[in-house]
Amino acid sequence: MSRIGNKPITIPAGVEVKQDGNKFTVKGPKGQLERELSSEIKVNIDGNEITFERSSNLPNIRALHGTTRANLNNMIVGVSEGFSKGLELVGVGYRVQANGKGLTLSLGYSHPVEIEAVEGITFKVEGNTKISVEGIDKQLVGQVAANIRAKRPPEPYKGKGVKYADEVIRRKEGKKG
């Protein structure tokens, strides 16, 4: 039985959820998100509470039960609070600079790495080595942060590279002399 799918969602004040078939529109103080969810899961909006029912107990529909609830909950949290992902640059000479709405990274290559601005995403640069990727779409925030990290992932010997703020890098022992 899905524990996540059975939890009801409470709609916070200032957030409006509209249902048109299996297409959902969520409006809030930070913006608006639209998403089409599975038609196999019945969504009941009653006042300021949303509940979910599945049409059958087939394994793929049971899997969709919790996923559908999590996707709609992420939309509601996104338009009311927003999401952010922190990145840190570790290494001598590794720097970040705001470049208009995009970023310019110095990652030890012979050229600077340019990150283009993505619609719905804002970058905040704190100091020379910290980046905060912020937006209302959780999936998009995570994907943009992963794309930046992929430019120079942290290596296991000295830990140099771009890492998530809460990431712990497992270190390897170097050569023995």
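Conventions used here
- Residues numbered from 1 in each chain as written.
- Predicted model: local features only at pLDDT ≥ 70, side-chain atom pairs only at ≥ 80, totals over all residues.
- Heavy atoms only, no water.
- Helix = DSSP H or I, 4+ residues; strand = E, 2+ residues; numbered from the N terminus.
- Rg over C-alpha atoms; globule rule 2.2 N^0.38 Å.
- Contact = heavy atoms within 4.5 Å.
- Areas by Shrake-Rupley, 256 points an atom, 1.4 Å probe, with all protein chains shown as cover.
- Lys, Arg positive; Asp, Glu negative; His and termini not counted.
- Charge placed at Lys NZ, Arg CZ, Asp CG, Glu CD.
- Pairing = 2+ DSSP bridges.
- Axes fitted to C-alpha atoms, helices over the stretch in contact; angles between N-to-C directions.
- UniProt positions renumbered as here; feature names shortened; annotations may be inferred.
- Salt bridge = Lys/Arg side-chain N within 4 Å of Asp/Glu carboxyl O.
- Phe/Tyr/Trp six-rings, centres within 6.5 Å; stacked < 30°, edge-to-face > 60°.
- Lys NZ or Arg CZ within 6 Å of the ring centre and 35° of its normal.
- Core = buried A, V, L, I, M, F, W, Y, C linked by side-chain atoms within 4.5 Å.
- Buried < 20%, exposed > 50% of the residue type's maximum accessible area, 1.4 Å probe, protein only.

## Some details on the overall build of the protein chain
Here comes step 1: Along the backbone of the protein chain there are 3 helices and 13 strands.
Here comes step 2: Here the protein chain has a C-alpha radius of gyration of 21 Å; the compact-globule value for 177 residues is 16 Å, and the former is much larger.
Here comes step 3: The dimensions of the protein chain, computed from C-alpha atoms along their principal axes, are 65 × 40 × 25 Å.
Here comes step 4: For the protein chain, the proportion of contacts with a sequence separation of at least 24, taken over those separated by at least 6, is 48%.
Here comes step 5: Carbon and sulfur atoms make up 46% of the accessible area of the protein chain, which amounts to about 10900 Å² in all.
Here comes step 6: In the protein chain, which carries 28 positive and 20 negative side-chain charges, the distance between the mean positions of the two groups comes to 9 Å.

## Observations regarding the sheet that holds strand β12 (residues 130-135)
Here comes step 1: Across the sheet, 4 strands lie side by side as β11-β12-β7-β13; this open sheet has antiparallel pairing. Whereas interior strands pair on both sides, the edge strands pair on one side only; in this sheet they are β11 (121-126) and β13 (161-164). Going across the sheet, the axis of each strand differs from the next one's by a mean of 25°, ignoring polarity.
Here comes step 2: Sheet contacts for helix α3 (residues 138-149): β7 (83-90), β11, β12 and β13; angle to β7, the most-contacted strand, approximately 10°.

## Topic: the UniProt feature "domain: Large ribosomal subunit protein uL6 alpha-beta" (unreviewed entry) in the protein chain
Here comes step 1: Residues annotated by UniProt as "domain: Large ribosomal subunit protein uL6 alpha-beta" (unreviewed entry) correspond here to residues 11-82 and 90-164.
Here comes step 2: What you have in residues 11-82 is 31% helix and 40% strand, and the ends, taken at the C-alpha atoms, are 15 Å apart.
Here comes step 3: The span residues 90-164 is 16% helix and 40% strand, and its two end C-alpha atoms sit 10 Å from each other.

## A closer look at the pattern of salt bridges
Here comes step 1: Evaluated as defined, the whole model comprises 6 salt bridges.
Here comes step 2: The partner of K163 in a salt bridge is E88, and the shortest N-O contact between them spans 3.5 Å. Here the residue K163 occupies a position in strand β13, and E88 occupies one in strand β7, the gap between them amounting to 75 residues.
Here comes step 3: Between K124 and E134 there is a salt bridge; the shortest N-O distance is 3.5 Å. Separated by 10 residues along the polypeptide, K124 in strand β11 and E134 in strand β12 bring together distant segments of the chain.

## Remarks on the environment of E116
Here comes step 1: In this structure, E116 sits in the loop between β10 (113-115) and β11.
Here comes step 2: Residues E116 and V17, spaced 99 residues apart in sequence, show a C-alpha to C-alpha distance of 32 Å.
Here comes step 3: Apart from residues lying up to four places away in sequence, E116 is in contact with G102 and F123.

## A few points about the pairing of strand β5 (residues 41-46)
Each regular strand carries side chains that alternate between the two faces of the sheet.
Here comes step 1: Pairing analysis gives 6 bridges linking β5 to strand β6 (residues 49-54), with the strands arranged antiparallel. Note that in β6 the partner of V43 across the bridge is F52.
Here comes step 2: Linking β5 back to β6 in an antiparallel pair, the connection comprises 2 residues, with G47 at a positive phi of about 70°.

## Things to note about the packing of aromatic side chains
Here comes step 1: On inspection of all chains with the given rule, the structure shows 0 aromatic pairs.
Here comes step 2: Cation over ring: K85 sits above Y164, and NZ or CZ is 5.0 Å from the ring centre.
Here comes step 3: For R152, the ring lying beneath its charged end belongs to Y109, and the centroid distance is 4.2 Å.

## Re the nonpolar core
Here comes step 1: In this structure, L87, L89, L105, F123, I131, V133 and I148 are the most contacted members of the largest nonpolar core, which totals 20 residues.
Here comes step 2: At the level of elements, β7, β9 (102-106), β10, β11, β12, α3 and β13 are the ones that each hand at least two residues to this core.
Here comes step 3: When residues of this core are assigned to their parent elements, the largest contribution, 4 residues, is made by α3.
Here comes step 4: When residues no more than four places from it in sequence are discounted, the contact partners of L105 are L89, R95, V96, P112, V113, I115, I131 and I148.

## Regarding the pairing of β13
Here comes step 1: Residues G161 and K163 of β13 are buried on one face, and the alternating residues V162 and Y164, pointing to the opposite face, are buried as well.
Here comes step 2: One ladder, built from 4 bridges, connects β7 with β13; its direction is antiparallel. Across the sheet, residue V90 finds its bridge partner in β13, namely G161.

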